[in-house]
Structure formats: C-alpha cells, structure tokens
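Results of the structural survey
What follows is each chain in one-letter form.
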Amino acid sequence: MSDAGEFKTGLLKAIPSLRAFAVSLSHNSDKADDLVQETLVKAWDKQTSFQPGTNLKAWLFTILRNEFYSQMRKRGREVQDSEGTMTARLAVHPSQHGSLDLKDFRAALERLPEDQREAVVLIGASGFSYEEAAEICGCAVGTIKSRVSRARVRLQELLSIEGEGDYGPDAIAAQVMGSGAAA
Amino acid sequence: MSEYETRSASGKPRRDDPLGANSEIGKKLREYYDGLMSPDVPDRFTDLLSQLETAESQRKKAGGNE
C-alpha cells in the first residue's frame, strides 16, 4: 500500500478521537465536526510534513487545536452552548449507570478555563503523555502538569457542590474558600 | 481500549498521576470522553478523504509527478 494510502487509513482511524476532542473544545457537535473536517483537509495538504513513524494522532490533535483557537480568535468569543443542546444530542453509552452524575461532570468540566479543560482531557481521557500534551498545546511539560492539577482540584470542588447535597455546609465553605485559590 | 489508557506513549505507567485509574475524577473523565467517542465515522468524512485522495492522484497524473 502506498504512503498516501497508509496516511488515509491513519486519518480514518483517528476520526473518532478527533471528534471527541473537538466536542470537548467546542461543546457543540456541529462545530466540532466542521473542525474535524478542516483538520482533515489541512492534514492532507501538509502530509509531507508528517514524519511516518511518529505519533499521527498527536500531530492531528495539534492541527485541530490550532484550528480551533484560530477560529475563536477570528470570530471573537461566541456565546457558549448554555442550553445544553449538545448534551441532549450526544450519544451516551446506554449501559452507563449514573448518567446524572455524568451530566454533572460535564457541566463542571465546561466551567473550567479552556487551558485546564484541554489539559485534563488530553491527559486523563485521550491517553497522551504529559510530553505529548505539552507539544500539542505548545507549552512546557510543567505547565501541563500544573493545569491538570488545578483542573482536578477545581473539578473536585465543583462536583462536591453539585452532588446530591449530602456534603453539608463544609463543602460550600470549601468551595468559597477554594474559589480564590483556583482562579 | 488500549488507545485510551492513561499511560505515557512509552508504555510506562505514570507515577504522579492525579487522574489515575483509581481517582473518581479520572474515572468520570474517561466515562465522559468514551461517551463522545462514537466508533461510527460519518459519511462526510469518508467521502472527504476519498475526494482528497482522488484529487491528489489526478494532480499527480496531470503534473507528471514529483
């Protein structure tokens, strides 16, 4: 099979991951798929700059992420999907129990600053190493580590507050006290 | 599932891993992300790749190749 054929197979294989990452960035499945489309076209155009044998998925994530931020800069910040139309449209595994929890989690995740959210998604869900995540985000490994750890603290705060309320006033106090530090 | 495992590319499990398999946040994060990972690739993407491939091979033929 030709290099181009292998490259195409690699792109196809990466599409589910790219779509998931795009949704986690944009919170909107239509925008996410447009982003994936742009990414595929860009990747195809610059395929000669991809070194076979290196991590194609990381390379594609870098393109997608750059595309996302350049679109954001162009458009200015749009109002985000606060109605949760995204939530309703996304397929959630039917076998999943605790879907209420998951909804809370998603809401908490969406409240994180973008840099923390993408760091936590790349490390905790997409399966990248800190080094790869740093390369994708164009920053230092230490920066990724600190973003992940701040994100984790913030998520814990948000989730204990948004839980079923059996945490009592301590959780609220912790959130009030923690919110300054987490900013 | 190996693709989504929380480990580094070199296969070494991470030591300082705040999102590890046993952390509640880590579990929820993967549950969230797995929910976004549809294995089905929409036609628009397979079509797009075929078009890109066709366009390229035509270009190569027309241009006498690199």
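Residues numbered from 1 in each chain as written. Chains lettered and ligands numbered in written order. Predicted model: local features only at pLDDT ≥ 70, side-chain atom pairs only at ≥ 80, totals over all residues.

Naming follows an unreviewed UniProt entry, where chain B appears as Anti-sigma factor NepR domain-containing protein of Aquibium carbonis.

Where an unreviewed UniProt entry is consulted, chain A appears under the name RNA polymerase sigma factor, with the organism given as Aquibium carbonis.

Residues and elements named next belong to chain A. In terms of nonpolar packing, the biggest core is built from 50 residues, with Ala22, Leu60, Leu64, Ile123 and Ala133 touching the most fellow members. Take this core: its biggest share by element is 10 residues, from helix 1 (residues 3–26). When residues of this core are assigned to domains, at least three map to each of domain 1 (1–91) and domain 2 (94–183). Once residues within four sequence positions are removed from consideration, Ala133 is found in contact with Ala119, Leu122, Ile123, Phe128 and Ile144. (Core = buried A, V, L, I, M, F, W, Y, C linked by C-beta atoms within 7 Å. Buried ≥ 20, exposed ≤ 12 C-beta atoms within 10 Å, placed from the backbone. Helix = DSSP H or I, 4+ residues; strand = E, 2+ residues; numbered from the N terminus. Domains from an automatic or database assignment. Contact = placed C-beta atoms within 7 Å.)

Attention now moves to the interface of chain A and chain B. On the chain B side, the residues contacting the 38 residues of chain A number 30 residues. Mapped by element, the contributors of at least two residues to the side of chain A that touches chain B are helix 1, helix 2 (29–45), helix 5 (99–110), helix 6 (114–124) and helix 8 (141–162) of chain A. By residue number, the principal contributor to the side of chain A that touches chain B is helix 1 of chain A, which donates 11 residues. Partitioning the side of chain A that touches chain B into residue classes produces 22 nonpolar, 11 polar and 5 charged. (Nonpolar A, V, L, I, M, F, W, Y, C, P; charged D, E, K, R; others polar.)

If you check UniProt for "domain: RNA polymerase sigma factor 70 region 4 type" (unreviewed entry), the listed places come out as residues 104–155 of chain A in our numbering. Secondary structure over residues 104–155 of chain A splits into 79% helix and 0% strand, and the C-alpha atoms at its two ends are 10 Å apart. (UniProt positions renumbered as here; feature names shortened; annotations may be inferred.)

All names here are of chain A. Taken domain by domain, chain A holds domain 1 (1–91) and domain 2 (94–183). Tallying the contact residues gives 11 residues for domain 1 and 12 residues for domain 2. The set of elements that each furnish at least two residues to the side of domain 1 that touches domain 2 consists of helix 1 and helix 3 (56–75). Its residues assigned to classes, the side of domain 1 that touches domain 2 comprises 4 nonpolar, 6 polar and 1 charged.

All names here are of chain A. Viewed as axis vectors pointing N to C, helix 2 and helix 3 meet at an angle of 120 degrees, and their least axial separation amounts to 9 Å. For the element pair helix 2 / helix 3, the angle class is oblique. When you trace helix 2 past helix 3, the crossing you get is right-handed. From helix 2, Leu35, Glu38, Thr39, Lys42 and Ala43 reach across to helix 3, where they touch Leu60, Ile63, Leu64, Glu67 and Phe68. Residue composition of the contact of helix 2 with helix 3, by class: 6 nonpolar, 1 polar and 3 charged. (Axes fitted to C-alpha atoms, helices over the stretch in contact; angles between N-to-C directions. Parallel < 35°, antiparallel > 145°, perpendicular 65-115°, else oblique. Left-handed = near helix turned anticlockwise from the far one by under 90°.)

Another aspect to go through is the confidence of the model for chain B. Note: predicted coordinates in regions of low pLDDT should not be interpreted at a detailed level. Residues and elements named next belong to chain B. Model confidence for chain B is summarised by a mean pLDDT of 75, while 64% of its residues fall at 70 or above. The low-confidence segment residues 1–15 (pLDDT under 50) makes 20 contacts with residues lying over four places distant or belonging to another chain. If you check the scores for this complex, the pTM reads 0.74 and the ipTM reads 0.71. (pLDDT = per-residue confidence, 0-100.)

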